[in-house]
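# Reading the structure
Here is how the chains run, residue by residue.
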Amino acid sequence: MKTPDFRNCSPLMRFPIFLIPAITVIWLLTGCAKQTDPDALLESDLAAYDFHMVQGDGPKVGKPLVIEFWATWCGPCHRLFPHLNNMFEELKDIDIQFVAVTNEHFELTREFVRARQLKYPVAVDIRDLYGRALKVSYIPYAVIINEDGQVIWSGHSGKLSKTRIEKVLEADKAQSQV
């Protein structure tokens, strides 16, 4: 068997093969520099996490936020879409943000959102950092987060309404002033 002569090969073929794993490790370490610890989300500002937005704007730090957890395969989630569309329109009157979060693939989610004509902001959290940090054990599930990044309400998404959100925020403000 003849030994290959790499002097006449393209520069890419002469690239030392042992560097590929080293570059991959460096890429992974630098590429995963974002928070990957779900518990760290609770210690920092929840709204500061970088969502991968499918539609709409991502949450801004310092404003109350409703996060609604759902999935494309979830029948109860499907039944809530009209309610959430209406509620999102109502929430425009008050100073609160809303984002629905799934841990499914971006393209699947984008096509699903288009087909279902969802009006509210939708994001993908493929690593499910928020779901794990907030100990989401079922869907549809929602949390209300105050402007300080603290969870002040959690429960079934079907229990969300503009009135409930306003009452929860008012109670939180009254408690923080004490």
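Check the entry above for the structure.
Counted under the stated rule, the structure contains one disulfide. Across a sulfur-sulfur distance of 2.4 Å, Cys-74 and Cys-77 are joined as a disulfide pair. When the S-S torsion is 80 degrees, as for the bridge of Cys-74 with Cys-77, the disulfide is right-handed. Exposure class is identical for Cys-74 and Cys-77. Each is buried.

Moving on: the sheet that holds strand 3 (residues 97–102). Spatial ordering of the open sheet is given by 1-4-3-2-5-6, a layout of six strands whose pairing is mixed. At either end of the open sheet lies a strand with only one pairing partner, and these are strand 1 (52–55) and strand 6 (151–156). Adjacent strand axes in the sheet meet at a mean angle of 25 degrees, parallel and antiparallel pairs treated alike. Against the sheet, helix 4 (residues 106–116) contacts strand 1, strand 3 and strand 4 (122–124), and its axis sits at roughly 25 degrees relative to strand 1. Most of the contacts of helix 6 (residues 162–177) go to strand 6, to which it runs at about 150 degrees, and overall it touches strand 2 (65–69), strand 5 (141–145) and strand 6.

Here we take up the packing of aromatic side chains. A full pass over the atoms with the stated rule returns seven aromatic pairs. Ring centres 5.8 Å apart and planes at 85 degrees place the aromatic pair Trp-70 and Phe-81 in the edge-to-face group. Within this pair, whereas Trp-70 is found in the loop between strand 2 and helix 3 (75–91), its partner Phe-81 is found in helix 3, the two being separated by 11 residues in sequence. An identical accessibility class is assigned to Trp-70 and Phe-81; each is buried.

Before going further, it helps to spend a moment on unusual backbone geometry. The omega angle of the peptide bond from Ile-139 to Pro-140 is 0 degrees, so this bond is cis rather than trans. Checked against the element boundaries, Pro-140 lands in the loop between helix 5 (129–133) and strand 5. The residue Asp-128 is not glycine, and still its phi comes out positive at about 55 degrees. Within the element layout of this structure, Asp-128 appears in the loop between strand 4 and helix 5. Backbone geometry places Lys-135, a non-glycine residue, at a positive phi of 55 degrees. Relative to the elements of secondary structure, Lys-135 occurs in the loop between helix 5 and strand 5. What makes Lys-135 exposed here is its relative accessible area of 61%.

Turning next to the side chain of Asp-172. Its location among the elements puts Asp-172 in helix 6. Notably, Asp-172 is buried but unbridged: the nearest opposite-charge side chain belongs to Lys-173, and the N-O separation is 7.8 Å. Polar side-chain contacts of Asp-172 include one of 3.1 Å to the side chain of Asn-146. Ignoring sequence-local partners within four residues, the contact set of Asp-172 consists of Asn-146 and Ile-152.

Here we come to the pairing of strand 6. Looking at chain direction, strand 5 and strand 6 are connected through five bridges and run antiparallel. Each bridged residue has a counterpart across the sheet, and for Ile-145 the counterpart in strand 6 is Val-151. Taking the residues between adjacent antiparallel strands as the criterion, strand 5 and strand 6 are bridged by five residues, where Gly-149 takes a positive phi near 85 degrees.

Quick look at the nonpolar core now. Trp-70, Phe-98, Tyr-120, Val-122, Ile-144, Leu-160 and Ile-165 are the most contacted members of the largest nonpolar core, which has 28 residues in total. The set of elements that each furnish at least two residues to this core consists of helix 3, strand 3, helix 4, strand 4, strand 5 and helix 6. When residues of this core are assigned to their parent elements, the largest contribution, seven residues, is made by helix 3. The next biggest cluster of nonpolar side chains, apart from the first, holds 12 residues, and it includes Ile-67, Phe-69, Ala-123 and Ile-145.

About the thresholds
- Residues numbered from 1 in each chain as written.
- Predicted model: local features only at pLDDT ≥ 70, side-chain atom pairs only at ≥ 80, totals over all residues.
- Heavy atoms only, no water.
- Disulfide = S-S within 2.5 Å.
- Buried < 20%, exposed > 50% of the residue type's maximum accessible area, 1.4 Å probe, protein only.
- Pairing = 2+ DSSP bridges.
- Helix = DSSP H or I, 4+ residues; strand = E, 2+ residues; numbered from the N terminus.
- Axes fitted to C-alpha atoms, helices over the stretch in contact; angles between N-to-C directions.
- Contact = heavy atoms within 4.5 Å.
- Phe/Tyr/Trp six-rings, centres within 6.5 Å; stacked < 30°, edge-to-face > 60°.
- Lys, Arg positive; Asp, Glu negative; His and termini not counted.
- Salt bridge = Lys/Arg side-chain N within 4 Å of Asp/Glu carboxyl O.
- Polar contact = N/O pair within 3.5 Å; in protein donor to acceptor, adjacent residues only side chain to side chain.
- Core = buried A, V, L, I, M, F, W, Y, C linked by side-chain atoms within 4.5 Å.

Don't take any of this as a statement about function, it's just geometry.
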